[in-house]
Amino acid sequence: MGKIFAIVNQKGGVGKTTTAVNLAAALHDLGLRTLVCDFDPQANATSGLGIEKRKVEKTVYDVIIDNVSPKEVIIHTDFSDVLPSCSDLAGAAVELISMPDREKQLKKALNEVRADYDCIFIDCPPSLELLTLNALCAADNIVVPVQCEYYALEGLADLMTTLRAVKKKLNPRLDLFGVILTMFDGRTNFSNQVAQEVRRHFPGKVFANVIPRNVRLAEAPSHGIPVMNYDRSSRGAKSYKALAEEFQKKL
């Protein structure tokens, strides 16, 4: 039975999609069966794995709103399987309000396919609303990317409060799997100070391997491929490979 991970942080631009795409691809390279569930209306994880999002006929929106089986929607790529997203998902939160078990629609869908995978990663939108609540109800664990910049810890208290509430009322198995430090620049004292502060707040939960600022990592999505396939020798690719190995040992 596969593990489901929600990659979540209500702040935007912290590396959620980059992590979902590249961690799934790196674990796929290690021989694991991976699925990326793109649960962000921007659909960047979908395009980051080489799928032309405007040409996709069915998406995760159809799965949670119209009860389409995820097996009909999942797209297979050379890097990871993908449950694609689309801009229609932006309105799904409103449509879900009137549905019974509105916060468990994604859970029901992913339970159909979790036996087919070792790891399922949900790329969450940058907010704590009904879509993210669906992801937290579906997940076994959360993974939190934190950028090594000013205000890095801002909002994480709210996230942890939400996590505890969901764990208590809706999903008792939910737990924090790990925190990933992103956009790290080891040449600056500031990045090191932020990393130290994050480790102090989350003792034993921060991955040893950090993700650096890297041009190749930023370029890869425009080519529709993970960084490992774009430039395997880059610092970004090596960092995600090392993170995947650490992640696999922790599973």
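Attention here is on the structure that accompanies the text. (Residues numbered from 1 in each chain as written. Predicted model: local features only at pLDDT ≥ 70, side-chain atom pairs only at ≥ 80, totals over all residues. Heavy atoms only, no water.)

Considerations on the overall build of the chain
Then, in step 1: Within the chain one finds twelve helices and seven strands.
Then, in step 2: The C-alpha atoms of the chain give a radius of gyration of 17 Å, which matches the 18 Å a tight globule of 251 residues would have.
Then, in step 3: Long-range pairs, those at least 24 residues apart, make up 78% of the contacts in the chain between residues at least 6 apart in sequence.
Then, in step 4: Looking at the chain, you have 31 positive and 30 negative side-chain charges, and the mean spots of the two groups are 7 Å apart. (Helix = DSSP H or I, 4+ residues; strand = E, 2+ residues; numbered from the N terminus. Rg over C-alpha atoms; globule rule 2.2 N^0.38 Å. Contact = heavy atoms within 4.5 Å. Lys, Arg positive; Asp, Glu negative; His and termini not counted. Charge placed at Lys NZ, Arg CZ, Asp CG, Glu CD.)

Topic: the pairing of strand β7 (residues 175-182)
Then, in step 1: With seven of eight residues buried, β7 lies mostly within the body of the structure.
Then, in step 2: Bridge count for strand β6 (residues 141-147) against β7 is seven bridges, and the pairing is parallel. Looking at β7, one finds that P145 is bridged to I180.
Then, in step 3: For the crossover from β6 across helix α8 (residues 156-169) to β7, the handedness is right-handed. (Buried < 20%, exposed > 50% of the residue type's maximum accessible area, 1.4 Å probe, protein only. Pairing = 2+ DSSP bridges. Right-handed = clockwise from strand over helix to strand, strands pointing away.)

A short note on the packing of aromatic side chains
Then, in step 1: All told, the structure shown has nine aromatic pairs when counted by the stated rule.
Then, in step 2: A centroid spacing of 5.0 Å and a plane angle of 65° characterise the contact between F5 and F247, whose relative ring orientation is edge-to-face. Taken as a pair, F5 in strand β1 (residues 3-7) and F247 in helix α12 (residues 235-250) lie far apart in primary sequence, 242 residues in all.
Then, in step 3: Taken together, a centroid distance of 5.9 Å and an interplanar angle of 15° make the contact between F207 and F247 stacked. (Phe/Tyr/Trp six-rings, centres within 6.5 Å; stacked < 30°, edge-to-face > 60°.)

Examining the environment of L89
Then, in step 1: Structurally, L89 can be placed in the loop between β4 (81-83) and α5 (92-96).
Then, in step 2: Given a relative accessible area of 0%, L89 falls into the buried group.
Then, in step 3: Sequence spacing of L89 and F5 is 84 residues, and the spatial spacing of their C-alpha atoms is 20 Å.
Then, in step 4: Excluding its chain neighbours within four sequence positions, the residues that come into contact with L89 are D38, F39, D40, P41, V60, Y61, I64 and L131.

Description of the environment of L106
Then, in step 1: Structurally, L106 is set in helix α6 (residues 105-111).
Then, in step 2: When neighbours within four sequence positions are excluded, L106 is seen to be in contact with C37, F39, V60, I64, I122, N134, A135 and A138.

Observations regarding the pattern of salt bridges
Then, in step 1: In total, this model carries twelve salt bridges according to the counting rule given.
Then, in step 2: Close ionic contact of R216 with E219 constitutes a salt bridge, the shortest N to O distance being 2.8 Å. Highlighted residues: R216 and E219, both in helix α10 (residues 215-219), separated by three residues, approximately one helical turn.
Then, in step 3: Judged by relative accessible area, R216 falls into the partly exposed class, the value being 34%.
Then, in step 4: Classification of E219 by relative accessible area gives partly exposed; the value is 26%.
Then, in step 5: Taken together, the shared-partner salt bridges in this structure form one network comprising R114, D140 and R173. (Salt bridge = Lys/Arg side-chain N within 4 Å of Asp/Glu carboxyl O.)

Considerations on the packing of helix α1 (residues 16-29) against α12
Then, in step 1: One way to put it is that α1 packs onto α12 with a least axis distance of 9 Å and a crossing angle of 70°. Looking at the two axes, α1 sits roughly perpendicular to α12. Residues T18, T19, N22, L23, A26 and L27 of α1 lie in contact with α12, whose contacting residues are Y240, K241, L243, A244, F247 and Q248.
Then, in step 2: Here the residues of the contact of α1 with α12 are counted per class, giving seven nonpolar, four polar and one charged. (Axes fitted to C-alpha atoms, helices over the stretch in contact; angles between N-to-C directions. Parallel < 35°, antiparallel > 145°, perpendicular 65-115°, else oblique. Nonpolar A, V, L, I, M, F, W, Y, C, P; charged D, E, K, R; others polar.)

With respect to a nonpolar patch on the surface
Then, in step 1: A surface patch of nonpolar side chains, amounting to about 360 Å² of accessible area, comprises Y150, Y151 and F190.
Then, in step 2: If you trace the backbone, F190 turns up in helix α9 (residues 189-201).
Then, in step 3: A residue is classified by how much of its surface remains accessible, and F190, at 37% relative accessible area, is partly exposed. (Patch = residues over 30% accessible without salt bridge, like charges linked within 9 Å, V, L, I, M, F, W, Y side chains within 5 Å. Areas by Shrake-Rupley, 256 points an atom, 1.4 Å probe, with all protein chains shown as cover.)

Examining the sheet that holds β1
Then, in step 1: The sheet built from seven strands is open, its strands ordered β3-β4-β2-β5-β1-β6-β7 with mixed pairing. Either end of the sheet is taken by a strand with one partner, and the two such strands are β3 (75-76) and β7.
Then, in step 2: The strands that α8 touches are β6 and β7; relative to β6, the one it contacts most, it runs at about 175°.

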